[in-house]
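In case you want the letters, here they are:
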Amino acid sequence: MMKQNNKIIHTIGYATHTIESFIDTLKKFNISAIADVRSQPYSKFKPEFNRENLKQALINSDIEYVFLGDNVGARIAAPECYKNGQADYESISKHLLFQEGIDRLLKGMKKFSIALMCAEKDPINCHRTILICKYLKKYQIQIYHIIDANTYEDHTK
């Protein structure tokens with residue numbers, strides 16, 4: 001387990017979790033808040049992870065929930081950040097919406113032990129790593145990707 005401080009952030013994908021195993025894993029890693037970074041906070045396959053259902057389950061487990069997909073999601077509402085219909089992460093990382101989301105994360109890290117949450121299990125394939133964590137590294141933040149209840153990867157190196 002990592003000790004809580006404002007220079008650590010975790011990430012987690014829910015794809016292989018039930019809501020119960022997800023919450024148990026968060027508690028094992030002492031996560032006190034989830035930052036939902038999905039652009040569309042809904043799941044066809046796991047409705048328990050739809051925004052409203054997830055928020056209620058987390059609150060019932062004393063874990064805070066905030067939706068940040070409009071700011072740091074892979075598909076923000078900024079047409080200038082797309083090239084040939086594809087999201088351009090470099091452009092997104094410079095956009096005011098993204099910067100506002102990063103500012104909210106940095107502020108929240110002072111009070112909470114945060115995990116960025118998206119659907120993908122493997123962080124290497126997810127925008128939480130490719131976009132958000134790449135940007136956060138410039139703040140000398142330690143980043144840990146939670147794989148399951150017993151495994152995490154250190155992104156800091």
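Our subject is the structure listed above.
Fair warning: this is a prediction, and the values are worked out from it, not measured in the lab. (Residues numbered from 1 in each chain as written. Predicted model: local features only at pLDDT ≥ 70, side-chain atom pairs only at ≥ 80, totals over all residues. Heavy atoms only, no water.)

Undergrad: What should I look at first to understand the layout of surface pockets in this one?
TA: Where empty space is left can be seen by rolling a probe of water-molecule size over the atoms. Computed from the structure, the largest pocket encloses a volume of approximately 200 Å³. Counting only elements with at least two residues in the lining of the largest pocket, the list comes to β2 (33-36), β3 (64-67) and α5 (96-108). When residues of the lining of the largest pocket are assigned to their parent elements, the largest contribution, 4 residues, is made by α5. Considered class by class, the residues forming the lining of the largest pocket number 9 nonpolar, 1 polar and 3 charged. (1 Å grid on protein atoms, 1.4 Å probe; cavity = no way out; pocket = protein on both sides within 12 Å on 5 of 7 lines; lining within 4 Å. Points joined across faces, edges and corners; volume = space filled by probe spheres on them. Helix = DSSP H or I, 4+ residues; strand = E, 2+ residues; numbered from the N terminus. Nonpolar A, V, L, I, M, F, W, Y, C, P; charged D, E, K, R; others polar.)

Undergrad: I'm lost on the nonpolar core in this one. Help?
TA: Grouped together as the largest cluster of nonpolar side chains are 25 residues, with contacts concentrated most on I9, F98, I102, L105, L116 and I132. Listed by contribution, the elements that provide at least two residues to this core are β2, α5, β6 (114-118) and α6 (127-136). (Core = buried A, V, L, I, M, F, W, Y, C linked by side-chain atoms within 4.5 Å. Buried < 20%, exposed > 50% of the residue type's maximum accessible area, 1.4 Å probe, protein only.)

Undergrad: Honestly, the environment of I59 in this entry has me stumped. Any pointers?
TA: Relative to the helices and strands, I59 is located in helix α2 (residues 51-60). Expressed as a C-alpha distance, the spacing of I59 and A33, which sit 26 residues apart in the sequence, is 9.5 Å.

Undergrad: Mind showing me how you'd approach the pattern of salt bridges here?
TA: Where side chains of opposite charge bring their charged atoms close, a pairing between them can arise. With the rule as written, the count across this model stands at 3 salt bridges. Note that D88 and K83 form a salt bridge whose closest N and O atoms lie 3.5 Å from each other. For D88, a relative accessible area of 18% gives the class buried. With relative accessibility at 52%, the residue K83 sits in the exposed group. When the shortest N-O distance is used, the salt bridge between K94 and E90 registers 3.4 Å. Of the two residues, K94 and E90 both sit in helix α4 (residues 89-94), 4 residues apart, roughly one turn of that helix. (Salt bridge = Lys/Arg side-chain N within 4 Å of Asp/Glu carboxyl O.)

Undergrad: Help me understand the packing of helix α1 (residues 19-28) against α2, please; the structure alone is not making it clear to me.
TA: Two measures define how a pair of helices packs: the angle their axes make with one another and the distance between the axes. Where α1 meets α2, the axes come as close as 11 Å, and the angle between the chain directions of the two elements is 50°. For the element pair α1 / α2, the angle class is oblique. The two elements α1 and α2 cross, and the hand of that crossing is right-handed. From α1, I19, F22, I23 and L26 reach across to α2, where they touch L54, A57 and L58. (Axes fitted to C-alpha atoms, helices over the stretch in contact; angles between N-to-C directions. Parallel < 35°, antiparallel > 145°, perpendicular 65-115°, else oblique. Left-handed = near helix turned anticlockwise from the far one by under 90°. Contact = heavy atoms within 4.5 Å.)

Undergrad: For this particular structure, what's the right way to read the packing of α5 against α6?
TA: As a packed pair, α5 and α6 sit with axes 11 Å apart at the nearest point and diverge in direction by 60°. The angle between α5 and α6 falls in the class oblique. The crossing of α5 and α6 is right-handed. Between α5 and α6, the contacting residues are F98, Q99, I102, L105 and L106 on the first element and L131, I132, Y135 and L136 on the second. Grouping the constituent residues of the contact of α5 with α6 by class yields 8 nonpolar, 1 polar and no charged.

Undergrad: Even after reading the chapter, I still don't get α2, so can you show me in this structure?
TA: Those residues of α2 that fall on the buried side of the exposure criterion are L54, A57 and L58. Considered in projection along α2, the buried side chains sweep an arc of 100° and stay on one side of the axis. Structurally, α2 contributes buried residues whose contacts are with α1, β2, β3 and β6. The positive-phi residue at the C-terminal boundary of α2 is D62, with phi of around 60°. (Arc of directions from axis to C-beta.)

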